[in-house]
Amino acid sequence: MSDGLKALESIPRWIPCNKQLPEEQGLYLVTELEFERIEIDIRYFNIDGDNKFWSGWGDDPVLAWMPLPAPYKEDAQ
């Protein structure tokens, strides 16, 4: 496999909630439906009996999720 294809595979992709939920608790980038608008937010995923995302700000349905990107680091030159 070429380096370009490997790089493309490492890019996080949206995962529909009806296909798969995160395996670990933590913060995730989510696409949610808020007042009939699609919005992007950061939510905490809590693994409990209901396997639901929550953020403390409301219960808007989460449609899809992806891991947060790694934080920016300056190149050491």
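Given the structure is predicted, the values throughout are model-derived calculations rather than measurements. Each chain has its residues counted from 1, running along the sequence as written. Since the coordinates come from a predicted model, pLDDT governs what is reported: local features require at least 70, and pairs of side-chain atoms require 80 or more to be given and counted, while whole-chain, interface and lining totals use all residues. With hydrogens and water stripped out, all remaining heavy atoms of the structure feed into the side-chain values.

Peer 1: Hey, could you run me through unusual backbone geometry in this one?
Peer 2: Most peptide bonds take the trans configuration, and most residues that are not glycine carry a negative phi. For F35, which is not glycine, the phi dihedral falls at a positive 50°. Helix and strand labels come from DSSP, where a helix needs a run of H or I of at least four residues and a strand needs a run of E of at least two; each type is numbered from the N terminus. Tracing the backbone shows F35 in the loop between β2 (26–34) and β3 (37–46). Phi is positive for E36, close to 65°, though the residue is something other than glycine. Relative to the elements of secondary structure, E36 occurs in the loop between β2 and β3.

Peer 1: Would you mind showing me how to read the nonpolar core here?
Peer 2: The definition of a nonpolar core used throughout is a set of buried Ala, Val, Leu, Ile, Met, Phe, Trp, Tyr and Cys residues joined through side-chain atoms within 4.5 Å. Only protein chains enter the accessibility calculation, which uses a 1.4 Å probe. A residue is then buried if its area is under 20% of the maximum for its type, exposed if over 50%, and partly exposed in between. Residues C17, Y28, V30, F45, V62 and W65 constitute the largest nonpolar core, which totals six residues. The set of elements that each furnish at least two residues to this core consists of β2 and β5 (62–67).

Peer 1: Is there a simple way to think about the environment of A64 in this case?
Peer 2: Position of A64 among the secondary structure elements: in strand β5. Under the relative-accessibility criterion, A64 is labelled buried at 12%. Between the alpha carbons of A64 and T31 there is a distance of 5.3 Å; along the sequence they are 33 residues apart. Note on contacts: a residue pair is in contact if any heavy atoms of the two residues lie within 4.5 Å. When residues no more than four places from it in sequence are discounted, the contact partners of A64 are W14, I15, P16, C17, L29, V30 and T31.

Peer 1: Just to check I follow, could you spell out the pairing of β2 for this structure?
Peer 2: Taken residue by residue, a regular strand's side chains alternate between the two faces of the sheet. For two strands to be treated as a pair, DSSP must find no fewer than two bridges joining them. Pairing of β2 with β3 involves nine bridges; the strand directions are antiparallel. Note that in β3 the partner of L29 across the bridge is I42. A loop of two residues connects β2 with β3, the two strands running antiparallel in sequence, and F35 in this loop sits at a positive phi of about 50°. Pairing of β2 with β5 involves five bridges; the strand directions are antiparallel. Directly across from E32, in β5, lies its bridge partner V62.

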